[in-house]
Amino acid sequence: MLGSLAAHSLVTAGKSVIILEAGPRVPRWKIVENYRNRPNKLDYNAPYPDQPWAPKSSGGPFADDYLQNIGPFTFKPGMLRLVGGTTLHYAGAAWRYIPNDFKVKTLYGVGRDWPIGYDDLEPWYQLAEEAMGVSGSSTDDQSGQGGGAYPPRAKPYPMAMRPWSHYTRRLAETFTAAGFHFIDEPNSTNSRPYDGRPACSGHNNCMPICPIGALYSGEVHAYKAERAGARLLENAVAWKLEKGAGGKIVAVHYKSPDGTSTRLTAKYVIVAAHGVETPKLLLMSEVANSSDQVGRNLMDHTGIALNMSAKEALWPGQGPVQQGGIFDRRDGEHRKRYAAIKHSPRNGVVNQLVTEPLLKQGVIGSELDRRIRHDAARFVEISTTFEVLPHAQNRITLSDKKDAIGLPKPQIYYDVDDYFRAAVTVAKEDYKRFVTLFDATVINDDSGLQNRDHIMGTVIMGSDSRDSVVDGNCRTHDHPNLFLATTGVIPASGVINPTLTGAALALLSADVIRREI
Amino acid sequence: MRCRMRLSHATTAMLLYSARYMKLLWSIAVSDEQPPRSSPPLALAELSRRRFLAVSALAASAATSAAALVAAAPGFAQGAVARTDSDPAFLELARFLTGKPDLDARIAVLARQGLIAADPAFAERSAALERAIKEAELTDVDAFAGSALYADVGHKATAIAVISAFYLGQVGEGNSAKFVSFEKALMYGPTAGVVVIPTYTLGGPNYWGTLTVPND
Amino acid sequence: MSTASRVSGRLVWLLALCMSGGVFAQTPGNVPGSAAQIERGRYLATAADCIACHTVDFAKPFAGGVPIPTPFGQIIAPNITPDPDTGIGSWTDDEFYRAMHEGTGKHGENLYPAFPYDAFTKLSRDDVMAIKAWLFTLAPIRQVNPPSQLKFPFNQRWLLSGWKLLNFRKGEFQPDPARDAAWNRGAWLVEALAHCGTCHTPRNFSMGTDNRQKFGGGTVGSWQAHNITPDPVSGIGGWTDDELVAYMRTGTVEGKGGAAGEMGAAVEHSLSKLPDQDLRDIVTYLRTQRPIRDAAETRPRYSWGVASEDVTAFRGNEDLDDPDGRAIYYGACASCHGMSGSGTGDQVFPSLFNSTTTGAVRADNLVMVILNGVHRSAGGETVSMQASDYELSSAEVALVANYVLKTYGNPVAATVDAATVDVLRRNIGEQPLVAKLALPGMIAGGIVIVLLLIWLLSRRRRRSM
C-alpha cells in the first residue's frame with residue numbers, strides 16, 4: 001500500500017514510474033467469492049492467492065512453510081503478496097502518533113526517539129488521511145486522557161466519524177461510567193462516498209476483505225497510479241538491488257514465476273515490500289546495512305485478548321468490525337515502567353465463535369438455536385495491544401531454506417521483554433474490572449500472546465547512520481537514491497496501528513524524490 | 001431418463017489459485033429429488049463455457065437415485081472420481097438432526113462428502129444412528145437430545161458431526177477443513193435480521209447507527 | 001408583458017394560475033434587477049438544469065468545459081458565468097435572449113443544438129431575462145474552455161441553418177385555453193424548461209426530435225431515456241402519480257426503479273429541487289400524451305423478475321479462473337443487492353427485479369450502471385455504487401449483465417457481448433451530463449440540405465444543358 005501511494009504521488013507529478021508487485025492482480029470480487037467458497041473463515045490470509053514464487057505468511061501449502069521461526073514466540077503476521085498487499089485485510093485503523101510517541105527515550109528513558117517530530121509529520125498525516133479517506137472524530141482526545149481534541153491537526157478529518165453501533169455505544173457508556181476514556185477509532189473507511197468509493201454499509205468483513213471497497217486498501221492507489229501512467233508489473237519478485245558508483249542503487253533485478261530474472265534500471269528506488277520482505281530484500285542484496293541494523297529491532301504490537309459473555313444483549317456485529325477503544329494508558333509516566341496499552345473491543349459477527357463451543361458441549365436442537373442467539377448477542381472480545389521496544393536480537397535473517405524460485409525464506413527470532421510483561425499484568429487487572437462491569441462470564445481471559453500484524457523496526461529510522469538504516473525521510477543512510485516505504489522504518493512503536501504513519505512517511509519520501517528528480 | 005439431472009463441479013477451494021495442474025477436481029451428480037425453488041438447472045450451453053467441463057453426465061434414477069455415471073474426458077485429472085454422493089437416507093437424518101426439514105439436498109451432498117473424507121467409517125456410523133433413531137421412534141431432535149440414544153458416546157459424536165457440518169458450514173477445523181456451505185450455514189439463522197452474514201448487509205450506508213436491537 | 005393576459009381571460013385559468021404561483025403572470029420576478037427576478041431566475045435555471053452541461057467541477061459552477069460526445073466529435077459547453085472575457089459577462093440582454101430564443105450566438109453564429117434552444121425558445125423574454133439576471137449574480141469564473149472538436153464538415157456552423165430549417169420552430173410557449181392551468185404549467189415545464197423531450201423523444205433521420213414518437217424513448221449518449229408516454233406497458237401508465245413525483249424527487253421508487261446516469265443527474269440537480277406542484281403538473285401533462293407502445297415490450301419493465309437464490313447451488317463449486325456471470329454477480333454485486341437480488345430491506349441498495357433498468361428490452365442502462373456506477377444525491381439520500389469499469393473486463397461485464405437479466409430481469413435483453421460493452425464503455429467519464437444528440441441532427445440536416453441543393457442545382461444544370 002505504501003508503495004502504491006508513493007508511486008501515485010510520483011506519477012501524478014509527471015515522473016516515470018514502474019511498480020513491481022511480487023504477487024498477482026486479483027480483483028476484489030474474486031477475493032470475496034474465494035472467502036465465501038472456503039472453509040476456515042477465521043484465517044484472514046486464507047482467501048488470498050498462495051503462490052509458490054511469492055508466499056504469503058500463512059493460509060496455504062506454500063505459505064505455511066514460509067516464515068521460519070526460531071524464537072520462543074511464533075511470529076506470523078498477516079502478510080499478503082498481491083496487488084494491494086496486506087491492507088486488503090486490515091480493519092482500517094488510521095491513528096496518528098501523538099507528539100510524545102516520537103520521544104520516548106527522552107521522556108521515559110526507553111527505546112529510541114524518532115529523528116523527526118510530530119510537527120514534521122503533521123502535514124503528511126493530513127495528506128495521507130486525504131489520500132486514503134479517513135473518517136474520524138473532530139473532538140476526541142486521542143491521547144486517552146479525556147481532554148480536548150488531540151493531537152493537534154491543521155485541518156479536520158476528511159470525513160466525519162462513522163456512526164457507532166449499539167454495541168459500541170453501550171460499551172463506551174459502560175467504560176466511561178467506570179472512568180475509562182473510550183474514544184472513536186479514526187478509520188480509513190468511508191463514512192460517506194469518497195474518491196469514487198462507496199460509504200461503508202456494515203458488511204462486517206473488513207478482515208479478510210471489504211466486499212465493496214469502502215475500506216481503503218493499497219490497490220486503490222496501485223490502480224490509480226496505473227491509470228495515471230505508471231507501469232504495474234505483477235508476479236515480479238524483486239530479489240536484488242544492484243549497487244553502482246557513488247553508493248547509488250543502479251538497478252533492480254526481479255524474478256518471474258518461472259525463475260527467470262530481469263534487470264530494470266532507475267534513478268531512484270523505493271522498496272515498499274512490507275516489514276518482513278523489505279529487510280529480506282536488503283539482506284539478500286547486501287545493501288543499506290553498514291549499521292548491521294537491517295532486520296533487527298523487530299517489533300509488533302504483540303497482544304492478548306479477553307473473551308467474555310456479558311449479561312446484557314449488546315449485539316456485536318453491526319457495522320464495521322472495530323470502532324474505538326480505551327486509551328487511558330496510551331501515554332503517561334507509566335511508560336517509564338511498563339508499555340503503553342490499548343484495549344479495543346472487536347465488533348465482528350461472532351456466530352462461528354459462539355456456535356463451535358456450543359456444539360463441543362453437545363448442545364443441539366432448539367436449544368442450540370436459542371443459545372446461539374443468546375450467546376451471539378452477549379459475546380464481547382477485548383483485543384489488547386502493547387507498546388513494544390526495539391531490541392537488536394529480535395530480528396529477521398535469511399534462512400537456509402529456499403522458496404520455489406530459490407530465494408531464502410525469512411527466518412525470525414522474536415521474544416517479549418519485562419517492559420512488555422509488566423504491562424500484560426496491568427492489562428489483566430483491567431480485564432477483571434471489565435468482567436465485573438459487564439456482569440459477564442469469562443469465556444477466555446488467558447489467550448496467550450497474539451500476533452497483531454504491525455511490523456516495525458526492521459529497517460529502523462534514526463539520525464545516526466551507525467545504528468539505524470534510514471533517516472527521517474526514509475532515505476537509506478548508505479544509498480542516496482534508495483528509499484524505504486514500510487512501517488519497518490518506525491523506531492518507536494507506540495501502541496497504535498502504524499499504517500497511517502507509514503502512509504504519511506511514504507508521501508513524504510515521494511515528495512523528497514519528486515523534488516530531486 | 002425422464003428425471004432431470006443436476007450436474008455441478010467442484011474444485012477444492014484451497015487450491016483455487018494454485019497452478020491449473022494442481023487442481024483436484026471431481027464432479028458430483030445429484031438427483032433432483034428436491035425441486036429447487038429458485039435456481040433453474042444449469043443449461044448445458046452454460047455449462048459448456050466452463051473450463052474443465054469436458055465431462056458428460058448421464059443418468060440417474062428417479063427420486064431415490066444414488067447412481068450417477070460420470071465420464072471423464074481426456075485431460076481430466078487422474079484424481080477425478082465418479083462419486084455417489086446423494087444419499088436420501090443421509091439427507092433425512094440431517095434434516096432430523098438439525099431440525100430443519102427444508103435442508104437443501106445439494107448442501108447435504110457436500111456435507112456428506114466432507115464427513116466421509118474426515119472419517120471413512122462415517123457412512124456406517126450415520127446409517128447406524130439413523131436405524132437407532134427409527135427404532136427408538138423419536139419424533140424430533142429435541143426428543144433425541146433428551147433420549148438415552150444421545151447418551152451413547154458414539155451416536156452423540158456422529159450426531160454432533162452432522163449437525164456441526166450444517167451449522168458451521170464446514171467439516172473439521174483449520175485449513176484442512178472441508179467446505180459445506182456459507183450463506184446457508186445454520187449458525188446464521190438464529191441471528192438473522194439482527195446481524196449480517198458477513199460480506200452481506202442489512203441496509204444502506206451507516207444503517208446500524210440508529211438501529212435498536214432486540215433485548216434477547 | 002404577461003403571457004396570460006395576452007392569451008386568455010378564462011376564470012378557471014386565472015384561478016389555477018394563482019394556485020400555481022403565477023408562472024405566466026406579471027410578478028415582481030419580472031422587475032429587472034429585483035431580488036424577486038433573481039430568485040425566479042434561479043428557479044428557472046434549476047428547472048432548466050443548466051448546471052448539467054455547464055459545470056465540470058462543482059467548485060466552479062457554470063464555468064463550462066463539459067465535453068458532450070457526439071458521433072461527430074465533442075462539443076464543449078461554454079462558460080456561462082459573468083466573466084467578461086471567458087464567460088457571458090459582456091453579453092447584452094438582446095444577445096442573451098437571441099441565444100435562448102433563436103440559437104444564435106453573440107457574434108451571430110449558429111449554436112449547436114446540443115444547447116436545447118428548441119425548448120428554450122418557448123420561454124418568455126421575461127423569464128429569459130430572469131435567468132440572465134440570476135447568472136449575473138454568480139461569481140465570475142475565468143476559465144477558458146477548449147473549443148469544440150468536431151470533424152469537418154460538422155464544424156461548419158452555417159450548416160446548422162439546415163438543421164434549424166428542418167427541426168427548429170422558434171416561438172414562445174402558448175398555453176392551450178382548452179386545458180386547465182395544471183396541464184398548461186406542466187406543458188410549459190416539460191416543453192420549454194425541463195426539455196424532457198430532448199432525451200425522451202427519439203430522433204428522426206435528420207436528428208431532430210421525432211414528434212410522431214414524442215416521449216417514446218430516446219438515447220442520451222450510451223444511456224436509454226425510457227418511454228414516458230402514458231402507455232401502460234412501454235410508458236409510465238402503470239406508475240401512480242405519487243410514484244412519478246417520488247421518482248423525480250428522489251430518483252428512486254421501490255418496485256419501479258432508480259435513476260442513474262443522465263437521469264440521475266437531472267434528478268439531483270434539477271427535478272428534486274422543484275416545488276411539489278411542479279412535479280405534479282409535469283405528471284398531469286405527460287398523462288395526456290399519446291401512448292406509444294414498443295412492440296418488443298410485452299409487459300412493463302418494472303414487472304420483470306423474481307427473487308432468485310442461486311447460492312445454494314454453487315457454493316463450493318465455483319471456478320474463479322473461468323468465472324461465469326453468476327460468480328461475478330455474487331462477488332461483485334450480491335454483497336449489496338443481496339444473495340437473492342432483493343436488495344436491502346430499506347431498499348437503499350435496490351432490488352434487481354421489478355426494476356426499470358433490468359426489465360428493459362435493451363441492456364444498455366444496466367451495462368452503463370455496472371460500468372459507471374451510480375452517484376446521486378437527492379431527497380436527503382446519497383446513493384453511491386462504485387464504477388466497475390476498471391475492475392471488470394468488457395467480457396465480464398457482459399457475463400454479469402446477462403446473468404442479471406436472465407435471473408432478475410428481462411431475459412430478452414440478455415444478449416450482451418463484449419463488443420456491445422466496448423461501445424457503451426466509450427462514453428464513460430465523457431458524458432456526465434444531459435448530453436444531447438441534437439448536434440448529429442443538425443449535421444445530418446445540414447448535409448441533407450446541401451445534398452438537396454446540389455441535387456437541385458445539378459438538375460437545373462442538366463435541364464439548362
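Since the model is a prediction, treat every value here as computed from it, not as a measurement. (Residues numbered from 1 in each chain as written. Chains lettered and ligands numbered in written order. Predicted model: local features only at pLDDT ≥ 70, side-chain atom pairs only at ≥ 80, totals over all residues.)

**Student:** What's the story with the overall build of chain C in this structure? I'm lost.
**Tutor:** Of regular secondary structure, chain C possesses 20 helices and nine strands. For chain C, the residues scored as buried account for 56% of the 465 residues in total. A fraction of 70% describes how many contacts in chain C between residues 6 or more apart in sequence connect residues 24 or more apart. (Helix = DSSP H or I, 4+ residues; strand = E, 2+ residues; numbered from the N terminus. Buried ≥ 20, exposed ≤ 12 C-beta atoms within 10 Å, placed from the backbone. Contact = placed C-beta atoms within 7 Å.)

**Student:** Hey, could you run me through the overall build of chain B in this one?
**Tutor:** Assigned secondary structure in chain B consists of seven helices and six strands. Scanning chain B from its N terminus toward the C terminus, one meets helices and strands in the order β-β-α-β-β-α-α-α-α-α-α-β-β. For chain B, the residues scored as buried account for 42% of the 216 residues in total. For chain B, long-range pairs separated by at least 24 residues make up 53% of all intrachain contacts whose partners lie at least 6 apart in sequence.

**Student:** How do you make sense of the packing of helix α8 (residues 351–360) of chain A against helix α9 (residues 365–378) of chain A when you look at a structure like this?
**Tutor:** All names here are of chain A. Running from N to C, α8 and α9 cross one another at 135°; their axes reach a closest spacing of 9 Å. The angle between α8 and α9 falls in the class oblique. Between α8 and α9 lies a crossing whose hand is right-handed. Taken together, the residues of α9 that come into contact with α8 (itself represented by N351, V354, T355 and L358) are L368, R371, I372, D375 and A376. (Axes fitted to C-alpha atoms, helices over the stretch in contact; angles between N-to-C directions. Parallel < 35°, antiparallel > 145°, perpendicular 65-115°, else oblique. Left-handed = near helix turned anticlockwise from the far one by under 90°.)

**Student:** Quick question: what am I supposed to make of the interface of chain A and chain B here?
**Tutor:** Think of interface size as the accessible area that goes away when the parts come together; that is how it is often given. Chain A puts 48 residues into the contact, and the matching count from chain B is 47 residues. Taken together, the elements giving at least two residues each to the side of chain A that touches chain B come down to α2 (28–37), α8 and α9 of chain A. If you tally residues by element for the side of chain A that touches chain B, the top one is α9 of chain A, at seven residues. Tallied by class, the residues present in the side of chain A that touches chain B amount to 18 nonpolar, 22 polar and eight charged. (Nonpolar A, V, L, I, M, F, W, Y, C, P; charged D, E, K, R; others polar.)

**Student:** What am I meant to see in the interface of chain C and chain A here?
**Tutor:** Across the contact, 19 residues belong to chain C and 21 residues belong to chain A. Residue assignment for the side of chain C that touches chain A shows that the elements contributing at least two residues are α15 (325–337) and β9 (381–385) of chain C.

**Student:** Sorry if this is basic, but what is going on with the sheet that holds strand β2 (residues 68–69) of chain A here?
**Tutor:** Strand pairing in a sheet relies on backbone hydrogen bonds, with the paired strands running either antiparallel or parallel. All names here are of chain A. On the basis of which strands lie adjacent, the open sheet formed by three strands has the order β2-β16-β15 and mixed pairing. The two strands at the open ends of the sheet, each matched to only one other strand, are β2 and β15 (395–402). Pairing analysis gives two bridges linking β2 to strand β16 (residues 408–413), with the strands arranged parallel. Residue pairing for β16: Q68 is matched across the bridge by Q411. Sitting on the sheet, helix α7 (residues 274–285) touches β15 and β16, and the angle it makes with β15 is about 70°. (Pairing = 2+ DSSP bridges.)

**Student:** What is the right way to look at the nonpolar core in this model?
**Tutor:** Most often, soluble globular proteins have nonpolar side chains that are buried together. Counting residues in hydrophobic clusters, the biggest one holds 314 residues, and the most contacted among them are A6 of chain A together with V367, V400 and A401 of chain C. Excluding residues that lie within four positions of it along the chain, A401 of chain C makes contacts with A363, L366, V367, I370 and V416 of chain C. (Core = buried A, V, L, I, M, F, W, Y, C linked by C-beta atoms within 7 Å.)

**Student:** Can you walk me through the pairing of strand β13 (residues 341–346) of chain A in this structure?
**Tutor:** Within a regular strand, the side chains alternate between the two sheet faces. Residues and elements named next belong to chain A. Among the six residues of β13, six are classified as buried, and the element is accordingly described as predominantly covered. Residue alternation in β13 divides its side chains into two sets, I341, H343 and P345 and K342, S344 and R346, and both sets are buried. As paired elements, β13 and strand β14 (residues 379–386) share six bridges and run antiparallel to each other. Along β14, the bridge assignment pairs R346 with E381.

**Student:** Help me out: how do you make sense of the sheet that holds strand β8 (residues 249–255) of chain A in this one?
**Tutor:** Residue and element names in this part refer to chain A. The sheet built from three strands is open, its strands ordered β7-β8-β9 with antiparallel pairing. The open sheet is flanked by β7 (237–243) and β9 (261–265), the only strands paired with a single partner. Neighbour-to-neighbour, the strand axes of the sheet open up by a mean angle of 25°, direction not taken into account. Where β7 lies against β8, six bridges are found, and the strand directions are antiparallel. What sits directly across from A238, in β8, is Y254.

**Student:** Sorry if this is basic, but what is going on with the confidence of the model for chain C here?
**Tutor:** Low-pLDDT stretches of the model should not have their predicted coordinates read in fine detail. Residues and elements named next belong to chain C. Residues with a pLDDT of 70 or more make up 85% of chain C, whose mean pLDDT is 87. Note on residues 1–26: pLDDT under 50 across the span, and 36 contacts to partners over four residues away in sequence or across chains. pLDDT under 50 marks residues 428–438. Its contacts with residues more than four places away, or in other chains, come to 39 contacts. (pLDDT = per-residue confidence, 0-100.)

**Student:** Looking at this model, I keep getting lost on unusual backbone geometry. Mind explaining?
**Tutor:** All names here are of chain A. With an omega of 0°, the peptide bond between Y150 and P151 qualifies as cis. As for its placement among the helices and strands, P151 is situated in the loop between β3 (135–136) and β4 (159–160). Residue P208 follows M207 across a cis peptide bond; omega there is 10°. Locating P208 in the fold gives a position in the loop between β5 (182–184) and α6 (219–227). One non-glycine residue with positive phi stands out, namely N297, at about 65°. Relative to the helices and strands, N297 resides in the loop between α7 and β11 (303–309).

**Student:** Whenever I open this one, the pairing of β9 of chain C confuses me. Can you help?
**Tutor:** All names here are of chain C. Of the strand pairs in this sheet, strand β8 (residues 374–378) and β9 are connected by five bridges, and their pairing is antiparallel. From the neighbouring strand, V374 faces β9, where its bridge partner is M385. Taking the residues that link successive antiparallel strands as the turn, the β8-β9 hairpin has two residues, and the phi of G379 there is positive, at about 60°.

**Student:** Please explain helix α11 (residues 499–516) of chain A as it appears in this structure.
**Tutor:** Because an α-helix packs 3.6 residues into every turn, residues spaced three or four apart end up facing the same way. Look at α11 of chain A: 26 Å from first C-alpha to last across 18 residues, which is about the 26 Å you get at 1.5 Å a residue. Across the 18 residues of α11 of chain A, 13 count as buried, placing the element largely inside the fold. (Expected span 1.5 Å × (residues − 1).)

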